[in-house]
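An overview of the molecular structure
Read off the chains here:
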Amino acid sequence: MKKLCSLFLILLLTLSLVACGEPEPTDTLSTGEPALSETLSDTATTDANSDADTETVITDTEVSTDSQPASVTTEEEPPVEYETLTIQIHETTIPVSVSSRIRTKTLSDEWTEGLIEKLLQAPETGVTVEKFSDQEIPQRHFEGFAEKIDILVNKGSVTWFIARDVMFRYVRKGTTKLLCKVETHLGEGKEVELSEELIKMLNMAIEYAPMTRYRAALENGTLEQEYLFEGKHEIEVFIEEIVEIPATDKKSSPKYNVKLSLLSKKDKTVHLDLGPVMSGDSVIMVETKTAELSLKANQKQVQELVIEGFPSGMLVIPAVIQITVDKETDCYVNIAIYP
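So, a few notes on the structure that sits alongside this text. (Residues numbered from 1 in each chain as written. Predicted model: local features only at pLDDT ≥ 70, side-chain atom pairs only at ≥ 80, totals over all residues. Heavy atoms only, no water.)

Notes on the overall build of the protein
For the protein, the count of helices and strands is 5 helices and 18 strands. Considering the protein as a whole, with its 339 residues, one finds that 32% of them fall into the buried category. Excluding contacts between residues fewer than 6 apart, the proportion of contacts in the protein whose partners are at least 24 apart in sequence is 58%. With an accessible surface of roughly 22400 Å², the protein has 53% of that area assigned to carbon and sulfur atoms. (Helix = DSSP H or I, 4+ residues; strand = E, 2+ residues; numbered from the N terminus. Buried < 20%, exposed > 50% of the residue type's maximum accessible area, 1.4 Å probe, protein only. Contact = heavy atoms within 4.5 Å. Areas by Shrake-Rupley, 256 points an atom, 1.4 Å probe, with all protein chains shown as cover.)

Examining the side chain of H90
For H90, the location among the structural elements is in strand β1 (residues 85-92). Take H90: its relative accessible area is 7%, and that puts it in the buried class. Ignoring any residue separated from it by four or fewer positions in sequence, one finds H90 in contact with S100, R101, I102, I149, L152, V153, V158 and W160.

Examining the packing of aromatic side chains
What describes a pair of aromatic rings is the distance from one ring centre to the other and the angle between the planes of the rings. Overall, the coordinates contain 3 aromatic pairs when judged by the stated rule. Seen from their ring centres, W111 and F229 are 4.9 Å apart, and the 80 degrees between their planes marks the pair as edge-to-face. Taken together, the positions of W111 in helix α3 (residues 110-121) and F229 in strand β10 (residues 222-229) put the pair 118 residues apart, joining distant regions of the chain. Summarising the aromatic geometry, the rings of Y214 and Y227 are spaced 4.9 Å apart at their centres and angled 75 degrees between planes, so their arrangement reads as edge-to-face. Here the residue Y214 occupies a position in strand β9 (residues 212-219), and Y227 occupies one in strand β10, the gap between them amounting to 13 residues. A residue is classified by how much of its surface remains accessible, and Y214, at 4% relative accessible area, is buried. Stacked on the ring of F132, the Lys or Arg R169 has its end atom at 4.1 Å from the ring centre. (Phe/Tyr/Trp six-rings, centres within 6.5 Å; stacked < 30°, edge-to-face > 60°. Lys NZ or Arg CZ within 6 Å of the ring centre and 35° of its normal.)

Focus on helix α5 (residues 196-207)
The end-to-end C-alpha separation of α5 is 17 Å, in line with the 16 Å expected for 12 residues at 1.5 Å each. Buried within α5 we find L198, I199, M201, L202, N203, M204, A205 and I206. (Expected span 1.5 Å × (residues − 1).)

Quick word on the pattern of salt bridges
Within this structure, the stated rule accounts for 13 salt bridges. Notably, a salt bridge pairs R164 with E83, separated by 2.7 Å at the nearest N-O pair. Placement of R164 in the loop between β5 (157-163) and β6 (166-173) and of E83 in the loop between α2 (36-67) and β1 is noted, with a sequence separation of 81 residues between them. What makes R164 partly exposed here is its relative accessible area of 43%. By relative accessible area, E83 is classed as partly exposed at 28%. Between K268 and E234 there is a salt bridge whose closest N-O contact spans 2.9 Å. Taken together, the positions of K268 in strand β13 (residues 268-276) and E234 in the loop between β10 and β11 (235-245) put the pair 34 residues apart, joining distant regions of the chain. According to the relative accessible area criterion, K268 is buried, its value standing at 18%. (Salt bridge = Lys/Arg side-chain N within 4 Å of Asp/Glu carboxyl O.)

Brief notes about the nonpolar core
Counting residues in hydrophobic clusters, the biggest one holds 28 residues, and the most contacted among them are V237, L262, I321, I323 and V333. Going through the elements one at a time, β9, β11, β12 (255-264), β13, β15 (289-295), β16 (301-308), β17 (317-325) and β18 (328-338) are the ones with two or more residues in this core. At 5 residues, β17 tops the list of elements feeding residues into this core. Beyond its immediate chain neighbours, meaning those up to four positions away, I321 contacts L260, L272, D273, L274, L305, C331, Y332, V333 and I335. (Core = buried A, V, L, I, M, F, W, Y, C linked by side-chain atoms within 4.5 Å.)

Quick word on unusual backbone geometry
The omega torsion across A209 and P210 is 0 degrees, close enough to zero to call that bond cis. Take P210: it is sitting in the loop between α5 and β9. Of note, D165 is a non-glycine position whose phi angle comes to about 65 degrees, a positive value. Along the chain, D165 turns up in the loop between β5 and β6. Even without glycine at this site, D326 takes up a positive phi of about 50 degrees. Tracing the backbone shows D326 in the loop between β17 and β18.

Focus: the packing of α3 against α5
At a minimum axis distance of 11 Å, the contact between α3 and α5 shows a crossing angle of 130 degrees. The pairing of α3 with α5 is recorded here as oblique in orientation. Considering only the axes of α3 and α5, their crossing is left-handed. For the pair α3 and α5, contact is made by W111, G114, L115, K118 and L119 and by E197, L198, M201, L202, M204 and A205, respectively. Considering only residue class, the contact of α3 with α5 consists of 8 nonpolar, 1 polar and 2 charged. (Axes fitted to C-alpha atoms, helices over the stretch in contact; angles between N-to-C directions. Parallel < 35°, antiparallel > 145°, perpendicular 65-115°, else oblique. Left-handed = near helix turned anticlockwise from the far one by under 90°. Nonpolar A, V, L, I, M, F, W, Y, C, P; charged D, E, K, R; others polar.)

Take a look at the structure:
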């Protein structure tokens, strides 16, 4: 009976073991370290999570940058300040006499700074220029009114340029030109070398600057035009055509119709004056015209003017159209007609 019970218990134990299946494999090796398969699996999972985190950070950064654009500065740049060149020009009356005056003007722009640099950098020749006189010209003579400065009348065209407290005296007489540094207006000086470019710039500063000078010439039926000096100006000008008006009889003076176009970038009121260029050997009759024009921005407007000359004996018919903006001369248009 006892043997029968023992066999019965062994049978139950065997059936129990079969029902439970095989035991789970150990998670560690004999060394106690994690199994290799688990290590690789964990590493891959960690890397994937790390990449996912990195991508999330980049995406967040891009969104943050787009949602908060950099601030834009709207402050206007301060105006450019240029050096000033003072020019004192001796002028005589017509006809030439001892009655004269000294006219002063100042220039200050980018072109003027280039002239100042050329003046100050021009080398001295080593030649000492004789003084004009021991006479001192009082400062009041340089304030624009007529006085007798007889010592200058026979010297030619005399102009002084003052830049950075350095005074230059420039004399033109015929084809001779002389530039020198001086301590006083009439005192001796040190000759300065004159290049062709410096001569051109000095002449432009005396005759044209700061106003724009535009030239049109009709000769043998051909119209040529150019800017003699292009200073700062608000109105663009252009001569559309110059056409001779047929004479009614042989005794009539020659007449020419001038079509002048004007263009402004802004709405502007412009004043036009047509008049002759007066000189000792050239006087013409001009249909004097003054006009107030209201220009619209970027809309060309054409004005017609008539120039009239003598019936014979004239080699050139010169005239000038002065264009004024805001009571300041903006441009001169020099017109020359060769019959």
